[in-house]
Amino acid sequence: MNTVLRTELRDRIAVLTLDRPGQLNAIGSETAEQLKQTLADVRDNDDVRALVITGAGRAFSAGADLGEIESFTAPGQFRTFVGRLTEAFALLEDFPKPSVAAVHGFAFGGGLELALACDLRVAERGTRLGLPEMKLGVLPGAGGTQRLPRLLPPAIARQMILTGEPIDAERAHALGLVNELAEPGGALKTAEALAAKLTAGAPLALAAGKRLVDYGLGMDLEAAIAYERETVAVLFSTEDRAEGLKAFRERRPGDFRGV
Ligand SMILES: CCCCCCCCCCCCC/C=C/C(=O)SCCNC(=O)CCNC(=O)[C@H](O)C(C)(C)COP(=O)(O)OP(=O)(O)OC[C@H]1O[C@@H](n2cnc3c(N)ncnc32)[C@H](O)[C@@H]1OP(=O)(O)O
C-alpha cells in the first residue's frame, strides 16, 4: 500500500501529513484506512497528547479522490467509499486527544470535511475553504452538510453548500470556522503552537471536555448541565486533579499523567 499519510511524533504532538502533493492531497480509500490505523496507533501512546493534520505541497486537500471515484462501476462502490471517509472522520472527531487542522492553499470537499472533523482549525491567509460538490452534480458526502452548519452561521453554510463557492480564510476566521489565521507558510508552525497549549492539559479532562462540548450541543440544556456535573465529579477523583492543585500552590505547570 502506498503511504499517503505520514506521521511524525514531536513534543507530544503527532503530526499527520497528507502526502499526495501531485494530486493536491486528494483523499481516497487508502487515506481513510491509513488515518484509521494512525489513530489506532497513537490512541494508547501516552507520549502523544494532541494531533496536527496538515498537507504536503501547495494545498491541504482538494477533496475526495476524483480519480478513484471515476473508477467506480457500481453504486455500491461509491457507498463503500463514502462510508470509509465518514467512518475515518468520525473516529477523528471522537478521538480522545484533541486535533488541530493546519490548512493552506485549498481545503475543498472531503478536505474541508476532514478539517471540520478536527477540533480546531488554523488557516493561512488566502486559503480557500469550500464544498464544491454541487458543481459536480452531487453534495458533500463525508459530513459537510452537517458539520459546517454547526460551525458557521447556517445561512453561510447553506450558501456554500448550495453554490459550491468557497470562502477565504480571513472570512472563515471572522465567522469562527477558523480558530487562528497564519501568515503564508506559517500554518503548520501556528497549528503546532496551538497544539502545544493543548498538550499542557490533563488527558482525561481533554477527552471529557471534547465529549461534553460535542455531545452537549445536541442535548437539552438541563440534561447537558447534569452530564457536565457528573463528568466533573469523576475528574475530581483523579490524581491529575490533585496534581493540578499541587502545581498551582508550587507555582509551576501541572505534570499530568492521565490518571
Ligand atoms: C466524476 C465524479 C463525480 C462525483 C464527484 C464526487 C462525489 C463525491 C461524493 C462523496 C464523497 C465523499 C465526500 C467528498 C466529496 C469530494 O471531495 S468531491 C471532490 C471535491 N473537490 C473538488 O471538486 C476540487 C477539484 N479540484 C479543483 O477544483 C482544482 O484542482 C483546484 C483545487 C481548484 C486546484 O486547481 P489548480 O491549481 O489548477 O490545480 P489542478 O491542475 O486542477 O490540480 C493539480 C493536480 O491535482 C489533481 N486533483 C485536484 N483535485 C483532485 C481531486 N479531488 N481528486 C484527485 N485529483 C485531484 C488534478 O487532477 C491535477 O493532477 P494532474 O492532472 O495529474 O496534474
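Look a little higher up for the structure.
Procedures and definitions
Residues numbered from 1 in each chain as written. Predicted model: local features only at pLDDT ≥ 70, side-chain atom pairs only at ≥ 80, totals over all residues. Heavy atoms only, no water. Near = heavy atom within 4 Å. Polar contact = N/O pair within 3.5 Å; in protein donor to acceptor, adjacent residues only side chain to side chain. Areas by Shrake-Rupley, 256 points an atom, 1.4 Å probe, with all protein chains shown as cover. Helix = DSSP H or I, 4+ residues; strand = E, 2+ residues; numbered from the N terminus. Buried < 20%, exposed > 50% of the residue type's maximum accessible area, 1.4 Å probe, protein only. Contact = heavy atoms within 4.5 Å. Phe/Tyr/Trp six-rings, centres within 6.5 Å; stacked < 30°, edge-to-face > 60°. Lys NZ or Arg CZ within 6 Å of the ring centre and 35° of its normal.

*Asks:* Explain the site of the ligand here, please?
*Replies:* Neighbouring the ligand are 26 residues, the closest being Arg-58, Ala-62, Ala-64, Leu-66 and Gly-110. In the environment of the ligand, a nitrogen atom lies 2.9 Å from a nitrogen or oxygen atom belonging to the backbone of Leu-66. Within the complex, the protein chains bury 65% of what would otherwise be the 1200 Å² of accessible surface of the ligand. Counting residues per element, the ones that place at least two in the shell around the ligand are α2 (66-70), α3 (75-93), β5 (106-108) and α4 (110-117).

*Asks:* Before we go on, may I ask you to explain the side chain of Gln-34 in this structure?
*Replies:* Position of Gln-34 relative to the elements: it lies in helix α1 (residues 29-43). On the accessibility criterion, Gln-34 (12% relative accessible area) is buried. Excluding residues that lie within four positions of it along the chain, Gln-34 makes contacts with Met-1, Asn-2, Thr-3, Val-4 and Leu-5.

*Asks:* Help me understand the packing of aromatic side chains, please; the structure alone is not making it clear to me.
*Replies:* When we look at a pair of aromatic rings, we describe it by the centre distance and by the angle of the planes. Here the structure, examined in full by the defined rule, presents 3 aromatic pairs. Plain terms: the ring middles of Phe-72 and Phe-78 are 6.5 Å apart, the flat faces sit at 75° to each other, and that makes the pair edge-to-face. Through a chain of ring-to-ring contacts, the aromatic side chains of Phe-72, Phe-78 and Phe-81 assemble into a single cluster. A cation over an aromatic ring shows up here: Arg-241 above the ring of Phe-236, its NZ or CZ 4.0 Å from the ring centre.

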